[in-house]
Amino acid sequence: MAEGEESRDAPAGASSGGAASPKPDDPLLAGIKAVVGATNSALAALELATADSSTMLVSRLQAIGKQARYIATRAMTTYEHRGQYGPQIIAGSVATVGGIVALRRGKVTGALAGGLAGAAAYGGIYGYEDYSATSWRSALPKKEG
């Protein structure tokens, strides 16, 4: 037999080099087993604590996600129907912004701020078309002839 090869007749783990196999009552082996057991139990406790906390976090995030999807769906539906409530939205914008600015800065400034808020609300609801100086001419009927 060559050096470093194990004998086929020898039990598993035993080498033919004359080294003795560890005995079950070896204090070093018992110490290693104790350390491995303690490490395994500590890791199991850590995994259990991590799993519980991550499960709670995931369930909370799922609930928040459902609520956020519901709110986003309602907001998109309301946004799609904004044209039906255009005059009310514009009047509310004018009254709110104009009133707050009028209380702080005066009537004229409040009226100007309200007008700007109304124009911005109109643009947000209906959109702006080409309002150049000559754009009104395209709306006139064409002359034949």
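Residues numbered from 1 in each chain as written. Predicted model: local features only at pLDDT ≥ 70, side-chain atom pairs only at ≥ 80, totals over all residues. Heavy atoms only, no water.

**Topic: helix α3 (residues 107–126)**
Line of reasoning, step 1. Here α3 spans 28 Å end to end across 20 residues, near enough to the 28 Å set by a 1.5 Å rise per residue.
Line of reasoning, step 2. The inward-facing, buried residues of α3 abut α2 (86–105).
Line of reasoning, step 3. A positive backbone phi angle near 85° is found at G127, which sits one or two residues after α3. (Helix = DSSP H or I, 4+ residues; strand = E, 2+ residues; numbered from the N terminus. Expected span 1.5 Å × (residues − 1). Contact = heavy atoms within 4.5 Å.)

**A short note on a nonpolar patch on the surface**
Line of reasoning, step 1. A grouping of L28, I32 and V36 is seen on the molecular surface, where their side chains present a nonpolar patch of about 280 Å² in accessible area.
Line of reasoning, step 2. Here V36 falls in the partly exposed class, since its relative accessible area comes to 43%. (Patch = residues over 30% accessible without salt bridge, like charges linked within 9 Å, V, L, I, M, F, W, Y side chains within 5 Å. Areas by Shrake-Rupley, 256 points an atom, 1.4 Å probe, with all protein chains shown as cover. Salt bridge = Lys/Arg side-chain N within 4 Å of Asp/Glu carboxyl O. Buried < 20%, exposed > 50% of the residue type's maximum accessible area, 1.4 Å probe, protein only.)

**Some words on the packing of α2 against α3**
Line of reasoning, step 1. Put simply, α2 and α3 touch, their axes get as near as 7 Å, and they point 155° apart. Taken together, α2 and α3 sit at an angle that is classed as roughly antiparallel. Along this stretch, α2 crosses α3, giving a crossing that reads as right-handed. Where α2 abuts α3, its residues G86, P87, I89, I90, S93, V94, V97, G98, V101, A102 and R105 lie against K107, T109, G110, A113, G114, A117, G118, A121, Y122, I125 and Y126.
Line of reasoning, step 2. Tallied by class, the residues present in the contact of α2 with α3 amount to 13 nonpolar, seven polar and two charged. (Axes fitted to C-alpha atoms, helices over the stretch in contact; angles between N-to-C directions. Parallel < 35°, antiparallel > 145°, perpendicular 65-115°, else oblique. Left-handed = near helix turned anticlockwise from the far one by under 90°. Nonpolar A, V, L, I, M, F, W, Y, C, P; charged D, E, K, R; others polar.)

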